[in-house]
Each structure stands twice: as structure tokens, then as C-alpha cells.
Amino acid sequence: MAEGWHGWDRYAPFYDWENARTVGRRDVRFWSALARRTGGPVLELGCGTGRVLLPVARTGTRVVGVDRSSEMLARARARLRRSRTALAADLIRGDIRALPFKTHADFPLVMAPYGILQSLLRASDLAATLASVFRVTAPGALFGIDLVPDVPRWREYRNRVTLRGAIRGGSRLTLVESVRQDRGRGLTVFDHEYRETRRGRRARISRFSISFRTISVPVMVRRLERAGFGVEAVLGDYDGAPWDERADTWIILARRLAGTGPS
Ligand SMILES: C[S@@+](CC[C@H](N)C(=O)[O-])C[C@H]1O[C@@H](n2cnc3c(N)ncnc32)[C@H](O)[C@@H]1O
């Protein structure tokens, strides 16, 4: 059975190139403003190549990023080294289902951007992650979650060229993608084939699959409540508009309650 953390090491060389053409920086201002409000240290679940982590650290807030992929983290580390200003950021290789921190660590904000909780492919993975976030936070900590709603709405297709463009060094990349939906288990699988050409000649092919599991906002709210969080707001965009079924952004802001945790 596929795991949600599978595929990301292979994705790493292409992740920033692809995201510069898709998600871009549209959520960055939201997370930076939230971090400024709560102060640090902020914990980011699945920080990847640091797309969100670096701008949040640039607000002067200390950030701790956890990710299971050493290749994604290597890119985040390189970005930190290239930064002109010294940033207060720690990158830790670990699994968000068993966060490597002491109980009641002092994180006033835990961020789960860009669908990271959709990398949890079983209900038990989500429950373990919520219990882990509960364990490493103190009562009153804020837990921000951004889900990517269009993943299950994606039409199935096979071997479609979805992106093409230049990369550094004069090479060109073509992304040939297939999408599979497993409605029974709520899973969406993206099969990626990245073709790199240099001076018109095929130089390299990388293939990998990435899987996501999407649950609705009401179900996620129930899971959070069961895990000991109180939901304060559900937003439908990055400017704070209220959420409804048709919103193309799903953001949940929950507060870690006092108590013993998952019931
Ligand atoms: C969509 S990327 C998000 C990266 C970054 N937060 C961003 O917004 O660009 C998801 C990241 O979660 C990581 N990941 C997936 N499952 C994980 C798990 N169980 N534990 C830790 N990291 C995980 C992947 O390695 C990947 O870097």
C-alpha cells in the first residue's frame, strides 16, 4: 500500500520549478501574518523545500520545520544557506505522525500548509498526527490547516503533458502526468514523469507517484474536535472570507484545548 510520504524524495528536484508555475506564493502572506501575530517558535508540518518556512522566518519569527523527505529538506537547507540574512530556522527530519519533540513543547502556532494533512492516507494516520500535535503543544496553541480542495475533483487522465519550460543550465523540462481517483478510499494518485532534454536530446527521465487523501471540511472539523482542538474559524480564502462548499481554499484555524487529548 502506498504511503503519503512516498515519492517526495524523487519529487524534490522538480518541486520548486513546478510550484513556481502553480501555487506560487499565494498562501505565504497568510502564514507570515499568522506567525507575526502568535510569535514563535512556529512548527511547520511537512516544510518541504522551505517555500513557506523561509518567508515566515524572514518575519523574524523562529520556525521549526519537520519533514520526512531528506531530499526536500536538503533543498530547504540550501535555501537557508543562500539567504542573505541569518534566519532563525531549524529543519528536522521526522514523521508528523510521531513528532520528535517533548510533550508540551512551546509552539504557539503549528502550521499545516498546502495540503500536508492530505498526505495522510489512512484515518489512523490523521488521528496519529492530530494526537502528536496535541501532545507537543500547550493549551491555547493555534493549529492552522490549509487543505487543497480540488484534488478529488480532478478528472482522470493518462500521460498528458501538463507543464513544459526551461530550467537552469539550458535544459528543458516536460511534465507528463496521469491522474487516478480511488473514490472508495478517497485517494487521488498523481503519476509524474519528468523528461529532461538538453540541446534537444533526452537527458533524463524521473518517474514517481504522489498520493493524497481528501476529507471534507465538516469531517476534518469533527476529527479535530475529537483530538482535543476547538475550531475557531473556517476560511474560504487567504484574506479571511468565510468558507462555504464552493470555496477554492479551505483553511481551518483550531485552538488546542486543555485536557487529556484524543477521546
Ligand atoms: C505539498 S508538500 C508541502 C511542502 C511545503 N509545506 C510547501 O507548502 O511548499 C508536502 C511535504 O510533506 C512531506 N510529508 C509527507 N508525509 C509526511 C509525513 N508523514 N511526515 C513528515 N513529512 C511528510 C513531504 O515530504 C513534502 O515535503
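Up top is the structure these notes are about.
Notes on the structure in this doc start here.

Conventions we followed
- Residues numbered from 1 in each chain as written.
- Predicted model: local features only at pLDDT ≥ 70, side-chain atom pairs only at ≥ 80, totals over all residues.
- Heavy atoms only, no water.
- Helix = DSSP H or I, 4+ residues; strand = E, 2+ residues; numbered from the N terminus.
- Rg over C-alpha atoms; globule rule 2.2 N^0.38 Å.
- Buried < 20%, exposed > 50% of the residue type's maximum accessible area, 1.4 Å probe, protein only.
- Contact = heavy atoms within 4.5 Å.
- Areas by Shrake-Rupley, 256 points an atom, 1.4 Å probe, with all protein chains shown as cover.
- Lys, Arg positive; Asp, Glu negative; His and termini not counted.
- Charge placed at Lys NZ, Arg CZ, Asp CG, Glu CD.
- Phe/Tyr/Trp six-rings, centres within 6.5 Å; stacked < 30°, edge-to-face > 60°.
- Near = heavy atom within 4 Å.
- Polar contact = N/O pair within 3.5 Å; in protein donor to acceptor, adjacent residues only side chain to side chain.
- Nonpolar A, V, L, I, M, F, W, Y, C, P; charged D, E, K, R; others polar.
- Core = buried A, V, L, I, M, F, W, Y, C linked by side-chain atoms within 4.5 Å.
- Salt bridge = Lys/Arg side-chain N within 4 Å of Asp/Glu carboxyl O.

This part is about the overall build of the chain. From N to C terminus, the chain includes 6 helices and 11 strands. Relative to the compact-globule value of 18 Å for 263 residues, the chain shows a C-alpha radius of gyration of 18 Å, a close match. Dimensions along the principal axes, computed over C-alpha positions, put the chain at roughly 60 × 45 × 35 Å. Scored against the burial criterion, the 263 residues of the chain give a buried share of 52%. In the chain, 66% of the contacts between residues at least 6 apart in sequence involve partners at least 24 apart. Taken as a whole, the chain presents about 12900 Å² of accessible surface, with 48% of it coming from carbon and sulfur. Averaging the locations of the 46 positively and 27 negatively charged side chains of the chain gives two centres separated by 6 Å.

Moving on: the packing of aromatic side chains. Evaluation of the coordinates by the stated rule reveals 17 aromatic pairs. Centre to centre, the rings of Phe14 and Phe208 are 6.4 Å apart; their planes meet at 10 degrees, and the pair counts as stacked. Of this pair, Phe14 sits in helix 1 (residues 8–20) while Phe208 sits in strand 9 (residues 201–213), and the two are 194 residues apart along the sequence. Of the two residues examined, Phe14 and Phe208, each falls in the buried class. An aromatic cluster of at least three residues, connected via ring pairs, comprises Trp8, Tyr11, Phe14, Tyr15, Trp17, Trp154, Phe190, Tyr194, Phe208 and Phe212.

The next thing to look at is the site of the ligand. The environment of the ligand is made up of 20 residues, and the closest members are Tyr15, Glu44, Gly46, Arg51 and Asp67. The side chain of Asp95 places a nitrogen or oxygen atom 3.1 Å from a nitrogen atom of the ligand. For the ligand, a nitrogen atom lies 3.0 Å from a polar atom in the backbone of Ile96. Taken by itself the ligand offers 600 Å² of open surface, and the protein chains cover 98% of this. For the shell around the ligand, the class distribution of residues is 9 nonpolar, 6 polar and 5 charged.

Considering the arrangement of structural elements, one finds Tyr114 in the loop between strand 4 (109–112) and helix 5 (123–136). The residues touching Tyr114, leaving out its near neighbours within four places in the chain, are Tyr15, Asn19, Thr22, Val23, Asp27, Arg51, Asp146 and Val148. Of note is the side chain of Tyr114, whose polar atom sits 3.1 Å from the side chain of Asn19.

This part is about the nonpolar core. Ranked by internal contacts, the top residues of the largest apolar core, which has 33 residues, are Leu43, Leu45, Leu99, Phe101, Leu117, Phe143 and Leu224. Only strand 1 (42–45), strand 2 (63–67), strand 4, helix 5, strand 5 (142–147), helix 6 (217–226) and strand 11 (250–256) provide two or more residues apiece to this core. With 5 residues, helix 5 is the largest single contributor of residues to this core. Not counting residues within four places of it along the chain, the set of residues in contact with Leu43 comprises Val64, Val66, Leu99, Phe101, Phe107, Leu109, Val110, Met111 and Val136. Listed in part, the 24 residues of the second largest apolar core include Val52, Leu80, Met111 and Ile251.

This paragraph deals with the pattern of salt bridges. Pairing between side chains of opposite charge can happen when their charged atoms approach one another. All told, the structure shown has 19 salt bridges when counted by the stated rule. In this structure, Asp16 and Arg79 form a salt bridge, with 3.6 Å as the shortest nitrogen-oxygen distance. With Asp16 in helix 1 and Arg79 in helix 4 (residues 70–82), this pair connects stretches of sequence that are 63 residues apart. Judged by relative accessible area, which is 27%, Asp16 ranks as partly exposed. Where Asp239 meets Arg29, a salt bridge forms, and the shortest distance between an N and an O atom there is 3.3 Å.

Scope: geometric values only; no functional claims are made or implied.
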